[in-house]
Amino acid sequence: MFFFYIYNRSRASHRLWSSAPLCATDTIFALSSGQGKCGVAVVRVSGPASALALRGLTGPDRPPAPRTAALRSIFHPQSKEILDRGLVFWFPGPHSFTGEDSAEFHVHGGPAVVSGVLDALGSLPGLRPAEAGEFTRRAFHAGKLGLTEVEGLGDLIHAETEAQRRQALRQMAGDLAQLYRDWSQRLTQCLAHVEAFIDFGEDDLIEDGVLDQVDNSVAQLQTEITCHLHDGRKGERLRSGVQVVIAGETNAGKSSLLNLLCRRPAAIVSPIAGTTRDVVETCLDIGGFPVLLSDTAGLRETADAVEQEGVRRAREKVEQADLTLVVVDATQLPTDPLQVPVFLGAHLLAVLPHGVGLEESLRHCILVLNKSDLLPVEQVEKTQTFLNKNPGLPPASLLSCHTSHGLENFMTSLQSRLSSLCGDPLAGTPSLTQARHRAHLHECFQALGQYQQYRDVDLALAAEGVRLALTGLGRITGKVGAEEILDIIFRDFCIGK
Ligand SMILES: Nc1nc2c(ncn2[C@@H]2O[C@H](COP(=O)(O)OP(=O)(O)OP(=O)(O)O)[C@@H](O)[C@H]2O)c(=O)[nH]1
Ligand SMILES: [K+]
Ligand SMILES: [Mg+2]
């Protein structure tokens with residue numbers, strides 16, 4: 001095995017990874033806290049002139065101890081006018097976020113103070129305002145963060161719900177990178193074995209069954225990658241929001257349900273059938289899960305051209321939805337409970353997209369039997385008990401959008417669906433979170449197929465397959481060809497991060 005160890009370092013690693021850090025000579029600065037009036041604003045500086053910036057704005061005496069807050073008067077280096085009194089920090093490289101010498105000014109968050117400090121920094125030689133994501137980009141080049149960690153950090157900044165925060169934090173901490181790194185290491189070993197076999201196979205220098213080991217490793221990796229790819233898009237959905245659509249007949253109370261869930265009159269409600277035509281969308285945090293909730297036009301045959309377009313858009317939304325809330329007017333329920341499943345089945349068929357298997361569609365919907373306030377109390381109870389026991393139907397809740405009766409029960413079913421659609425971001429292997437990762441994993445998977453295809457025919461081509469698979473993984477973590485994707489990734493960052 002010693003032989004392979006040497007090989008790994010001397011050949012495989014050099015051929016595959018080239019991520020030479022770019023030298024950054026400029027010193028950059030930016031407001032890193034939010035815009036607008038606030039208690040404290042943080043202005044960050046990074047680059048070789050950071051010490052100069054600290055001295056320029058706080059004077060040459062008493063430099064702050066590394067990584068320790070020091071209270072200083074902050075003044076303009078040219079006019080010498082005092083701008084504020086605040087805390088300053090000195091982070092000598094490489095022990096800083098960017099790996100470079102860095103400094104921070106924590107000043108009062110008034111716009112005039114902030115612009116005064118930015119102006120003062122800009123007046124110093126070698127300093128310039130940072131571009132969006134430039135601090136993080138420098139951290140990446142210094143090897144402080146891998147690409148998936150950078151993406152996790154970006155997601156953390158944009159996270160709006162608890163579950164999104166958990167997933168982003170886990171990715172930023174490197175859990176996903178660790179998974180891909182583990183696969184990369186195993187593939188590097190496979191490549192070393194195949195190439196050693198090509199070079200020395202005839203010489204008896206190599207242990208028996210080396211290629212069989214590679215076969216097993218490749219097959220095992222294929223299984224793991226397939227499993228990761230077929231996660232039902234849980235991580236991606238959690239990252240971008242679950243598409244939930246409210247659909248059903250006109251006047252069932254769809255817009256009333258939207259307004260109840262978002263606690264404001266977002267959509268017009270009226271007793272006139274066909275009130276909603278456009279899709280009305282709103283973003284919600286439901287139990288920590290991000291939801292993009294859409295209200296749609298009531299589904300019915302109509303001669304009105306505008307309403308027809310509304311119905312077309314409603315159907316399109318249902319087809320794209322992760323979850324459909326099928327709203328039914330409960331006053332139309334048959335009084336005989338035994339007739340209820342047939343009645344509800346007909347409503348489901350009218351709403352759910354054709355072509356997709358019924359069982360599959362049922363898994364992606366919840367029935368909402370609205371206007372329960374108009375039913376006799378005993379019928380409500382009897383029907384709900386009956387529905388709870390009926391396994392052939394999707395979860396069904398009797399609800400009144402007017403009185404909110406039944407809301408708790410409905411929210412429980414909704415949250416349970418959301419959590420199975422997004423998964424638990426803290427449990428098990430980390431989820432795939434981005435389409436970019438998915439595409440590179442597909443490349444990796446296919447390249448492993450190339451290994452299998454040529455293994456007995458042409459070992460050089462088989463080895464090339466393993467090398468391509470490694471490149472695919474390297475693109476995810478940023479070890480390979482990062483520059484071209486960096487621009488895309490950092491575009492979503494804010495200035496100052
Ligand atoms: N009694 C009662 N009336 C309700 C309830 N929910 C909605 N309504 C009434 O039903 C009528 C239709 O409600 P909407 O929310 O506009 O129904 P919709 O499904 O959005 O209708 P379209 O947009 O026309 O398809 C309105 O008069 C509402 O006040 C409820 O829980 N109880
Ligand atoms: K209506
Ligand atoms: Mg409506």
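Here the structure is a predicted model, which means the values were calculated and not measured.

### What to know about the overall build of the chain
Thought 1: The secondary structure content of the chain amounts to 18 helices and twelve strands.
Thought 2: Here the C-alpha atoms of the chain give a radius of gyration of 30 Å, more than 25% beyond the 23 Å that 2.2 N^0.38 yields for 497 residues.
Thought 3: When the backbone C-alpha atoms are referred to their principal axes, the chain occupies close to 80 × 80 × 40 Å.
Thought 4: The burial tally for the chain puts 40% of its 497 residues in the buried class.
Thought 5: Put simply, of all contacts in the chain between residues at least 6 apart along the chain, 69% involve residues at least 24 apart.

### Some remarks on the sheet that holds strand 8 (residues 280-286)
Thought 1: Pairing is mixed across the open sheet formed by six strands, whose spatial order is 8-9-7-10-11-12. In this open sheet, the two strands that pair with only one neighbour each are strand 8 and strand 12 (396-398). If you compare each strand with its neighbour and ignore which way they point, the axes differ by 25° on average.
Thought 2: As defined by bridge partners, strand 8 adjoins strand 9 (residues 289-295) across seven bridges and the pair is classed as antiparallel. Its bridge partner being in strand 9, D285 is matched across the sheet by P290.
Thought 3: Running at roughly 140° to strand 7 (residues 242-248), helix 11 (residues 305-320) makes contact with strand 7, strand 9 and strand 10 (323-329) of the sheet.

### Describing the site of ligand 1
Thought 1: Taken together, 22 residues are adjacent to ligand 1, and G253, S255, S256, T276 and G298 come closest.
Thought 2: The greatest single-element share of the shell around ligand 1, amounting to three residues, is contributed by helix 10 (residues 254-262).
Thought 3: Split by residue class, the shell around ligand 1 holds six nonpolar, 13 polar and three charged.

### Focus on the environment of L292
Thought 1: As for its position among the elements, L292 is in strand 9.
Thought 2: Considering only alpha carbons, one finds L292 and V43, 249 residues apart in sequence, at a separation of 35 Å.
Thought 3: Beyond its immediate chain neighbours, meaning those up to four positions away, L292 contacts G241, V242, Q243, V244, E281 and C283.

### Examining the sheet that holds strand 3 (residues 70-75)
Thought 1: Ordered in space as 3-4-5-2-1-6, the six strands form an open sheet in which the pairing is mixed. The open sheet has two edge strands, strand 3 and strand 6 (127-129), and neither has a second partner. Strand-to-strand twist across the sheet, computed as the mean angle between neighbouring axes with direction ignored, equals 30°.
Thought 2: Note: strand 1 (residues 27-31) against strand 6, three bridges, orientation parallel. Opposite T27, over in strand 6, you have L127 as the bridge partner.
Thought 3: Each of strand 1, strand 2 (38-46), strand 3, strand 4 (82-91), strand 5 (102-109) and strand 6 touches helix 3 (residues 111-122); the most contacted strand, strand 5, lies at about 150° to it.

### Details of the packing of helix 16 (residues 435-454) against helix 17 (residues 459-477)
Thought 1: Between helix 16 and helix 17, the least distance of the axes is 7 Å, while the angle of their chain directions is 170°. Judged by the inter-axis angle, helix 16 sits roughly antiparallel to helix 17. Contacts from H437, H440, L441, E443, C444, A447, L448, Q450, Y451 and Y454 of helix 16 reach helix 17 at L461, A462, G465, V466, L468, A469, G472, L473, R475 and I476.
Thought 2: Each residue belonging to the contact of helix 16 with helix 17 can be placed in one class, and the counts come to 13 nonpolar, five polar and two charged.

### Some points on the UniProt feature "domain: TrmE-type G" (unreviewed entry) in the chain
Thought 1: Sites flagged by UniProt as "domain: TrmE-type G" (unreviewed entry) map to residues 241-419.
Thought 2: For residues 241-419, helix accounts for 38% and strand for 21%, while the C-alpha atoms at its two ends are 12 Å apart.

### With respect to the domain arrangement of the chain
Thought 1: Splitting the chain by domain gives domain 1 (28-126) and domain 2 (236-422).
Thought 2: Taken over C-alpha atoms, the centre of domain 1 sits 54 Å from the centre of domain 2.

### What about the nonpolar core?
Thought 1: Membership of the largest hydrophobic core comes to 61 residues, with the highest contact counts inside it found for V117, L187 and V466.
Thought 2: Counting residues per element, this core draws most heavily on helix 7 (residues 175-200), at nine residues.
Thought 3: Apart from the residues within four sequence positions on either side, V466 is in contact with L187, C190, L191, V194 and Y451.
Thought 4: In this structure, A247, A330, C365 and L414 belong to the second largest nonpolar core, which totals 45 residues.

Procedures and definitions
- Residues numbered from 1 in each chain as written.
- Chains lettered and ligands numbered in written order.
- Predicted model: local features only at pLDDT ≥ 70, side-chain atom pairs only at ≥ 80, totals over all residues.
- Helix = DSSP H or I, 4+ residues; strand = E, 2+ residues; numbered from the N terminus.
- Rg over C-alpha atoms; globule rule 2.2 N^0.38 Å.
- Buried ≥ 20, exposed ≤ 12 C-beta atoms within 10 Å, placed from the backbone.
- Contact = placed C-beta atoms within 7 Å.
- Pairing = 2+ DSSP bridges.
- Axes fitted to C-alpha atoms, helices over the stretch in contact; angles between N-to-C directions.
- Near = placed C-beta within 6 Å.
- Nonpolar A, V, L, I, M, F, W, Y, C, P; charged D, E, K, R; others polar.
- Parallel < 35°, antiparallel > 145°, perpendicular 65-115°, else oblique.
- UniProt positions renumbered as here; feature names shortened; annotations may be inferred.
- Domains from an automatic or database assignment.
- Core = buried A, V, L, I, M, F, W, Y, C linked by C-beta atoms within 7 Å.

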